[in-house]
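Structure at a glance
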Amino acid sequence: MSTDAVRFVTACRVCGSRRWQEVVSFGSVPLANGFVDAAEADAPEEAYPLEAVSCRECRLLSLTAVVDPHLLYRTYSYVTSDSETMARHMRTVVELCGERAALAGGGLVVELGSNTGDQLLYFREAGARVLGVDPARNLARVAEDRGVPTLPDYFDSATAREIAATHGKASLILGRHVFAHIDDVADVLAGARELLADHGLFTIEVPYAVDLVERLAFDTIYHEHLSYFLISTLDRLFARHGLRTVDVERLAVHGGSVLVSAGRADGPWRTHDRVRDLIAGERAAGYLSDGVYQEFGARVRRTCAELTRLVRGLVADGHRVAGYGASAKGTTLLNLCGLGPGELEFCTDTTPQKQGRLTPGTHVPVLAPQDVRRPPDYYLLLAWNYAEEIMRKETAFLEAGGGFIVPVPEPTVRTGAVAAR
Ligand code: TMP
Ligand code: ZN
């Protein structure tokens, strides 16, 4: 590992405190989307420390190591899933944002981390003017080809100023599953504040730390996800940067997320009761003190050991096992649980960029679904956030006696017609 590829966090990016509680330490793990070309299978692979800590002051759950964003995002193999679940979710986001901010009639929607432009196409359909911002040049080009204007850049205060000068102020600045990837949140929030119209809303969708802990979604911990937020932590962060939390909605996507909006503190918006209720709930459930995080760490270690035992037991009994969905979280799960080609014959995934390559660190070959000649006896569901959609799609596999191993919150095996419902 070259030392300038990683920055170790000292002060909390939300509140500046240096008082940390250790939560989980996963050792050194390769990058979650660092799929390996088969020709390079023998080359040494970079791995980076993966460890989460909780700030004792504001309860930000943070990684200790920040990998250089250029390594992660300049060429990005993660493409927004074209699944039914995601399409439905994106329409919900348009509805919720439309309710919160008036977007019809040509209001400007700027999206950070706009990927291939899917979400912005839905906003355009609803009558908004749209502009994407994404540092992945390969993806920004795809978005442009689909008619979504996209700046191939990181969103920061400089980009925000440039956008305001060229396109005017924004009614909505949206960041879906990107804000938690950002180290210098202060600069992004300064940019957002400047680019927002008076009535505009800065809206982010982030995994909710409460869901992470309750659902034991420890595999969503990987280098790209620098922060895991409570609403209380976000509220504090926004206030520090001249923004006021306006509304929040809990959503099922990616294992439990929140869509949180903030407006300029000097603007017309007031805070909805939903925000206050969630903050009170976090305090009441113990999320502002050490105990919850200590217990989380212990549960992760137990569950991991249980999953490894279950999969190895099936293999030892002569069953064939493969992975379903070479998801980024699958990288954490497989590396952490020590599962690789000894247990999994292959991993099937619908993303063309991943097919024909090997899973990071564990080197399980990724196959397109149509290239799976003989389905295994069991699929380890690495894309468990799409469980319902996948089980519905795979009724033939289930009816033929196949089973799905769902890894979290505790390893369970789902078989037969019941699983498909
Ligand atoms: P994500 O949770 O980060 O979107 O990753 C899910 C991965 O699972 C992604 O690589 C696509 C893959 N996938 C399939 O292979 N089949 C499916 O039916 C679905 C919904 C996802
Ligand atoms: Zn803090």
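Some points on the overall build of the chain
In terms of regular secondary structure, the chain is built from 14 helices and 21 strands. The C-alpha atoms of the chain give 21 Å as radius of gyration, which agrees with the globular expectation for 421 residues (22 Å, within 12%). Referenced to the eigenvectors of the C-alpha coordinate spread, the extents of the chain come out at roughly 65 × 45 × 45 Å. A total of 421 residues make up the chain; the buried ones form 57% of that total. At a minimum sequence separation of 6, the contacts of the chain that also span at least 24 residues come to 70%. Both charge centroids of the chain, one from 44 positive and one from 54 negative side chains, sit 4 Å from each other.

Observations concerning the coordination of the zinc ion (ligand 2)
The coordination sphere of the zinc ion (ligand 2) contains the protein donors Cys-12 (SG), Cys-15 (SG), Cys-55 (SG) and Cys-58 (SG), at a distance range of 2.3 Å. The site at the zinc ion (ligand 2) holds 4 donor atoms, and with the angles between them running 101 to 114°, its shape is tetrahedral. When the donor residues of the zinc ion (ligand 2) are listed from N- to C-terminus, their spacing reads C-x2-C-x39-C-x2-C. Here the residue Cys-12 occupies a position in the loop between strand S1 (6-8) and strand S2 (20-29), and Cys-55 occupies one in strand S4 (residues 48-55), the gap between them amounting to 43 residues. Judged by its relative accessible area of 5%, Cys-12 falls in the buried class.

A few points about the site of ligand 1
Around ligand 1, the surrounding shell holds 18 residues, and the nearest of these are Asp-349, Thr-350, Lys-354, Asn-385 and Lys-393. Thr-351 places a side-chain nitrogen or oxygen 3.3 Å from an oxygen atom of ligand 1. One of the side-chain N or O atoms of Lys-393 is found 2.5 Å from an oxygen atom in ligand 1. Starting from 490 Å² of accessible surface for ligand 1 in isolation, the protein chains cover 96%. For the shell around ligand 1, the residue count by class is 5 nonpolar, 9 polar and 4 charged.

Quick notes on the nonpolar core
Phe-123, Phe-155, Phe-179 and Phe-296 are the most contacted members of the largest nonpolar core, which has 124 residues in total. No other element matches helix H10 (residues 290-316), which puts 8 residues into this core. When sequence neighbours within four positions are dropped, the list of residues in contact with Phe-179 reads Val-185, Val-188, Leu-189, Phe-202, Ile-204, Val-206, Phe-229, Leu-234 and Leu-237. Grouped together as the second largest cluster of nonpolar side chains are 12 residues, Val-6, Leu-72, Tyr-73 and Val-79 included.

Here we look at the sheet that holds strand S21 (residues 412-415)
One open sheet holds the 6 strands; their spatial order is S18-S16-S15-S19-S20-S21, and the pairing between them is mixed. If you trace the sheet from one side to the other, it starts and ends with strand S18 (366-367) and S21, each paired once. The sheet contact formed by strand S15 (residues 321-324) and strand S19 (residues 378-381) spans 4 bridges and is parallel. Each bridged residue has a counterpart across the sheet, and for Tyr-324 the counterpart in S19 is Leu-381. Those strands touched by H10 are S15, S19, strand S20 (403-406) and S21, and its axis lies near 155° from that of S20.

Structural notes on the side chain of Thr-303
Note on placement: Thr-303 falls in helix H10. A distance of 2.9 Å separates a polar side-chain atom of Thr-303 from the backbone oxygen of Arg-299. If near-sequence neighbours (up to four positions away) are discounted, Thr-303 is found in contact with Leu-216, Phe-218, Pro-407, Pro-409, Glu-410 and Pro-411.

Observations regarding the pairing of strand S14 (residues 257-264)
Remember that side chains alternate between the two faces of the sheet whenever the strand is regular. Counting buried residues along S14, 8 of its 8 residues qualify, which places the element largely inside the surrounding structure. With 6 bridges joining them, strand S11 (residues 196-207) and S14 adopt antiparallel strand pairing. Bridging across to S14, Thr-203 finds its partner in Ser-261. Across 8 bridges, strand S13 (residues 243-251) lies against S14 in antiparallel orientation. The partner of Leu-251 across the bridge, within S14, is Ser-257. Where S13 folds back onto S14 in an antiparallel hairpin, the turn is made up of 5 residues, including His-254, whose phi is positive at roughly 50°.

Overview of the environment of Glu-51
Within the secondary structure, Glu-51 is located in strand S4. C-alpha separation for the pair Glu-51 and Ser-62, spaced 11 residues apart in sequence, amounts to 8.3 Å. Excluding residues that lie within four positions of it along the chain, Glu-51 makes contacts with Val-24, Ser-25, Ser-62, Leu-63 and Thr-64.

Let's talk about the pattern of salt bridges
For the coordinates displayed, the defined rule picks out 20 salt bridges. Among the salt bridges present, the one from Asp-247 reaches Arg-274, with a minimum N-O distance of 2.9 Å. With a gap of 27 residues between them, Asp-247 in strand S13 and Arg-274 in helix H9 (residues 273-284) connect regions that are remote in the sequence. The salt bridge involving Arg-320 is made with Glu-345; its shortest N-O contact spans 2.7 Å. Of this pair, Arg-320 sits in the loop between H10 and S15 while Glu-345 is found in strand S16 (residues 344-348), placing the two residues 25 residues apart along the sequence.

Considering H10
With 27 residues, H10 should reach 39 Å at 1.5 Å per residue; the first-to-last C-alpha distance of 40 Å fits that figure. Of all the positions in H10, only Val-292, Tyr-293, Phe-296, Gly-297, Val-300, Thr-303, Cys-304, Leu-307, Thr-308, Val-311 and Leu-314 are classed as buried. A positive phi of about 90° marks Gly-318, the residue just after H10.

Re the domain arrangement of the chain
Domain boundaries in the chain define domain 1 (3-65), domain 2 (84-289) and domain 3 (309-420). Each of domain 2 and domain 3 has a C-alpha centre, and these two points are 31 Å apart. With 13 residues of domain 2 in contact, the opposing surface of domain 3 contributes 12 residues. Between domain 2 and domain 3, roughly 1200 Å² of surface is buried when both sides are summed, and carbon and sulfur atoms account for 59% of that area. Of all residues in domain 2, the largest losses of buried area upon contact with domain 3 belong to Thr-85, Phe-218 and Asp-219, amounting jointly to 41% of the total for that side. On the surface where domain 2 and domain 3 come into contact, there are 1 salt bridge. Here Glu-84 makes a salt bridge to Arg-392, at a shortest N to O gap of 3.6 Å. At the surface where domain 2 touches domain 3, the tally comes to 6 residue pairs in polar contact (both at pLDDT 80 or more). Its residues assigned to classes, the side of domain 2 that touches domain 3 shows 6 nonpolar, 4 polar and 3 charged.

Rules of the game
- Residues numbered from 1 in each chain as written.
- Chains lettered and ligands numbered in written order.
- Predicted model: local features only at pLDDT ≥ 70, side-chain atom pairs only at ≥ 80, totals over all residues.
- Heavy atoms only, no water.
- Helix = DSSP H or I, 4+ residues; strand = E, 2+ residues; numbered from the N terminus.
- Rg over C-alpha atoms; globule rule 2.2 N^0.38 Å.
- Buried < 20%, exposed > 50% of the residue type's maximum accessible area, 1.4 Å probe, protein only.
- Contact = heavy atoms within 4.5 Å.
- Lys, Arg positive; Asp, Glu negative; His and termini not counted.
- Charge placed at Lys NZ, Arg CZ, Asp CG, Glu CD.
- Donors = N, O, S within 2.8 Å, 3.2 Å for Na, K, Ca; no water.
- Tetrahedral: all angles 85-135°; square planar, octahedral: opposite > 155°, others 65-115°.
- Near = heavy atom within 4 Å.
- Polar contact = N/O pair within 3.5 Å; in protein donor to acceptor, adjacent residues only side chain to side chain.
- Areas by Shrake-Rupley, 256 points an atom, 1.4 Å probe, with all protein chains shown as cover.
- Nonpolar A, V, L, I, M, F, W, Y, C, P; charged D, E, K, R; others polar.
- Core = buried A, V, L, I, M, F, W, Y, C linked by side-chain atoms within 4.5 Å.
- Pairing = 2+ DSSP bridges.
- Axes fitted to C-alpha atoms, helices over the stretch in contact; angles between N-to-C directions.
- Salt bridge = Lys/Arg side-chain N within 4 Å of Asp/Glu carboxyl O.
- Expected span 1.5 Å × (residues − 1).
- Domains from an automatic or database assignment.
- Buried area = accessible area lost by both parts, 1.4 Å probe.

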